[in-house]
Structures are given as C-alpha cells and as structure tokens.
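Structural description and commentary
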Amino acid sequence: MKSDSKRLPEGLRFGPLFDEAEVEMVSEVVRTGRLTQFSSDLVNEFERAFAAYVGAPAGIAVNSGTAALHTALAAAGIGTGDEVIVPAFTFIGTVGPILQQQAVPVFADIDPQTFCLSVEDTARKLTSKTKAILAVDMFGHPADLDPLRELAAEHDLVLIEDACQAHGAKYKGVRVGNLADLTCYSFYESKNMTTGEGGIITTGNERLAKLCRTIRHQGEENWGIIKRLGFNYRMGALQAALGVVQLKKLDKFNEMRRERAAIYTAALSDLDLQLPGESPDVWSVFHVYSFLLPNELAGRRDEIVQRLRDERVPVGVAYPRPLYASPVFASLEGPFDCPVTEDVCSRVITLPTLQSIPVETAELIGEITRDVVREYMR
Ligand SMILES: Cc1ncc(COP(=O)(O)O)c(C=O)c1O
C-alpha cells in the first residue's frame, strides 16, 4: 500500500474531453429536430471535414468502427470463402466483419516492436484464395503501409487499413487515410476523438466510395431501387455534431496523448521493459500505452495487473490472447504459427493515455506502475 502522497483516488474513470462547444452543437441539433443523415446536413459536413483532414477525397460516415470495416469488406467484394489476411493481435471488431461476410480470416503474426501486421508473415500466408489484406494501426502506430501496398498490388489484393485507433497518425510524413484502398476509423468513446459511437471509411477510390454509401444505407441507390443487400449503418446528426467539434481539437488531443505516453516512458525507462516507441518514419497518436514485461515475468503478468489495480492504477491488458484462441474461431484450422503474438499477449500491460487524464495523475500512474513492477523485478 502506498503512502497518501502517492495514492490515486478511488474509482478513477476517464471519459472524453468535452466543453461548451459540443454541448451547444448537440443542443442545436435537438432544437432543430433534424436528427438523421437525410434531414440534417451535418453528416455530410462531418464526412467532408474528416476526409479533408486525413487527405482523402471521400469519407463515408457510419455508426461504428466495426460497421466501417464491414462496409469496407462488402464494398471490396469480399464474400464466401475469400481469405483475408489479418493480424492475430487485435480487437474482435477488426475480424468479426470478415466472418459476417462468410469469408475466412487468415491470422498472421505481428512485428515485435510495433505490434502491427508483419509484412513477412503476410507474404508467407498468401494463397490463391487471398483477396484482401486487413492491416491494423495498432495502438495508434501505423502499419508498415508501403510494403503492404506493394504486396497487395503484386497479388491483385485489396488493402484495407483498420485505423480505428489512429486518427491523425502519420506514415512517412503523411496522415493515414488515403494510403490504403479503404481506411476505417472508430469514434467510440475512448478514441482519440469521439462521437460516442461512430465510424468512418475514407478512400481515394470513387467506385468503392459509391459502393460504401450504398451499402451503409440498405443497398439502396435511388428511392425504391435496391441494387444489393446492404445494412443500416448510417451515422446520425447528433454523432456528426460531436464529430465536427471534436475534429477541430484532434491535433491537440493527439499531442496530449503523446504527452501522457512520454510521462509513462520517463517513469518506466530505468526498468528492463519493452516500452512503446515509433518507427523512424512514423508519428504515432498513442491511443494507449502498451509495454512488455521481461520474459521471466510473463507468468506473473495477471498478478502484477491485479497489484496495480489494488493500487487504483487504471490498467488494462490489450490484448490478453491471440484472437484465434477465442471459441468463435474454433472452426478455423491451425496451427496459426504466430509466436510473436503469443509472446506479446503473455507480457503486455496497457496504460491509458486519454486526454482527460490530468498530467499530475498520469505522473502518479507512471510512478506507481514503476514502483510495483520494480518490486517484481528484484
Ligand atoms: C483496432 C480496432 N478495430 C476495430 C474497432 C471497432 O470499432 P467500434 O468499437 O467503433 O465498432 C476498434 C474499436 O474499439 C479497434 O480498436
């Protein structure tokens, strides 16, 4: 137990950072009673603003990141039996939509430093049935997009980027958003910018953009003319209202996330831990801060996490096991051969970087985490 000066308050919970601008904007939507994509112009306005921000010609707003990924896969023509290469180290929202399309996720390993899809393992797992590569910008660090795009071009595959954790992140000086065929974002409450629930697809491909718009709204192209099966994945005007305001603050929020990450790095750098960094050509937006314990502590990770929670540190484990270990994937045939993923899952501990965490609290989180982990390293 820590002395009171080093004690975090009980029941710490950090949410999004709003001010009167969001309250005003949402109130205005409620006053007008125009709540949908069809009755309000806000969804269009938000799509245009977000696409411009990431440097993409088109943005298609939807009601979650999962919906964005599902719409992207459907627009790319991924269907029954098609193989999609995807990292084994990610959130289910990346991979669930592949199953929804009756397609087959082929799990590939990750890079041991960035935790993003391994280009080598992706190349190794290509087959004649591969139709797409779905790369994830893990924890705000862009995947290695250039070689993945080359691989996709060479084998006539669609490259889809899951940037659900990477709004505003840069790869070789350029914001992600038009570096893959389709890029998908989430605006869930904990993301670097939020609309509560929400998502968007950005693309430079006009044909795919048009398909995404049709699929998001029931497959209907013109009133009463249903070209194909779609979904109701539309974003509402209340979400778009939040999005318009939050987007203006995104650069500041990303700097704040990076500042909190730097605080944790300063606190933990004396210990023998693998701390998150950035590839030389990358500007990460540190959606969270996931570090690795040394090998010899892998078996005690859950115990250490519990100790941190006892000290009120708002700690998580992203992610505790490879996705293929979940029962929903039981029908897939192994072996999956993802040793880096297995290793990272056994040693990872995740600290929050939310912009609503006060700097002094982040400093305390860093200090207490260091003290607790150091006890186990003796
Ligand atoms: C990597 C990744 N993919 C997909 C998703 C799904 O987004 P959503 O929760 O908005 O459906 C998330 C968000 O939690 C995510 O972090």
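Worth saying up front: this structure is predicted, and the values here are computed from it rather than measured.

1. A closer look at the domain arrangement of the protein chain
Reports often express the size of an interface as the amount of accessible area lost when the parts come together. What the domain assignment lists for the protein chain is domain 1 (20–244) and domain 2 (250–377). Between the C-alpha centres of domain 1 and domain 2 there is a distance of 25 Å. Contacts between domain 1 and domain 2 engage 41 residues on the former and 37 residues on the latter. The contact between domain 1 and domain 2 buries some 3200 Å² in all, and 62% of this surface belongs to carbon and sulfur atoms. When the buried area of domain 1 at its contact with domain 2 is split by residue, Phe107, Phe139 and Asn192 rank highest and sum to 22% of it. Counting the contacts that link domain 1 with domain 2 gives two salt bridges. Across the pair Arg175 and Asp251 runs a salt bridge, and its minimum N-O distance is 3.6 Å.

2. Here's the deal with the packing of aromatic side chains
Throughout the structure, instances matching the rule amount to 15 aromatic pairs. Judged by centre distance (4.8 Å) and plane angle (75°), the rings of Phe50 and Tyr185 are edge-to-face. Here Tyr185 lies in strand 8 (residues 182–186) and Phe50 lies in helix 2 (residues 42–54), a separation of 135 residues in the sequence. When the centroid spacing of 5.4 Å and the interplanar angle of 80° are considered together, the rings of Phe50 and Phe187 count as edge-to-face. Of the two residues, Phe50 sits in helix 2 while Phe187 sits in the loop between strand 8 and strand 9 (199–203), which places them 137 residues apart along the sequence. Residue classification places Phe187 among the buried positions, given a relative accessible area of 0%. Across the ring face of Trp283, the terminal group of Lys170 is positioned such that the distance to the ring centre comes to 5.3 Å. For the cation-ring pair, Arg175 lies above Tyr53, with the distance from its terminal atom to the ring centre recorded as 3.8 Å.

3. Quick notes on the nonpolar core
Counting residues in each nonpolar core, the largest one holds 58 residues, and the members touching the most others are Phe46, Phe50 and Phe89. Listed by contribution, the elements that provide at least two residues to this core are helix 2, strand 3 (104–108), strand 4 (130–136), helix 6 (145–154), helix 8 (237–268), strand 13 (288–292) and helix 10 (339–347). Two domains share this core, each providing at least three of its residues, namely domain 1 (20–244) and domain 2 (250–377). Each residue touching Phe50, except ones within four places of it in the same chain, is listed here: His167, Tyr185, Phe187, Met193, Ile200, Thr202 and Leu247.

4. Focus on the environment of Ser346
Note that Ser346 resides in helix 10. Sequence separation of Ser346 and Gly299 is 47 residues, and the distance between their C-alpha atoms is 7.3 Å. Residues contacting Ser346, with those up to four places away along its chain left out, are Ala298 and Arg301. Of the polar contacts made by the side chain of Ser346, one reaches the backbone oxygen of Asp343; its length is 2.7 Å.

5. Focus on the state of the cysteines
Applying the stated criterion to the full structure yields zero disulfides. The thiol of Cys345 is not disulfide-bonded; the next cysteine sulfur, from Cys338, is found 9.6 Å away.

6. Notes on the pattern of salt bridges
All chains considered together, the criterion is met by 26 salt bridges. With its nearest N and O atoms 3.0 Å apart, the salt bridge here joins Glu189 to Arg13. Separated by 176 residues along the polypeptide, Glu189 in the loop between strand 8 and strand 9 and Arg13 in the segment before helix 1 (20–32) bring together distant segments of the chain. Residue class for Glu189 comes out partly exposed when judged on its relative accessible area of 33%. Its relative accessible area of 60% is what places Arg13 among the exposed residues. Asp343 is the partner of Arg347 in a salt bridge, and the nearest nitrogen-oxygen pair spans 2.8 Å. Within this pair, Arg347 and its partner Asp343 are both found in helix 10, separated by four residues, close to a single helical turn. Residue Arg347 is classed as buried on the basis of its relative accessible area of 10%. Residue classification places Asp343 among the partly exposed residues on the basis of a relative accessible area of 28%.

About the criteria used
Residues numbered from 1 in each chain as written. Predicted model: local features only at pLDDT ≥ 70, side-chain atom pairs only at ≥ 80, totals over all residues. Heavy atoms only, no water. Domains from an automatic or database assignment. Contact = heavy atoms within 4.5 Å. Buried area = accessible area lost by both parts, 1.4 Å probe. Salt bridge = Lys/Arg side-chain N within 4 Å of Asp/Glu carboxyl O. Phe/Tyr/Trp six-rings, centres within 6.5 Å; stacked < 30°, edge-to-face > 60°. Helix = DSSP H or I, 4+ residues; strand = E, 2+ residues; numbered from the N terminus. Buried < 20%, exposed > 50% of the residue type's maximum accessible area, 1.4 Å probe, protein only. Lys NZ or Arg CZ within 6 Å of the ring centre and 35° of its normal. Core = buried A, V, L, I, M, F, W, Y, C linked by side-chain atoms within 4.5 Å. Polar contact = N/O pair within 3.5 Å; in protein donor to acceptor, adjacent residues only side chain to side chain. Disulfide = S-S within 2.5 Å.

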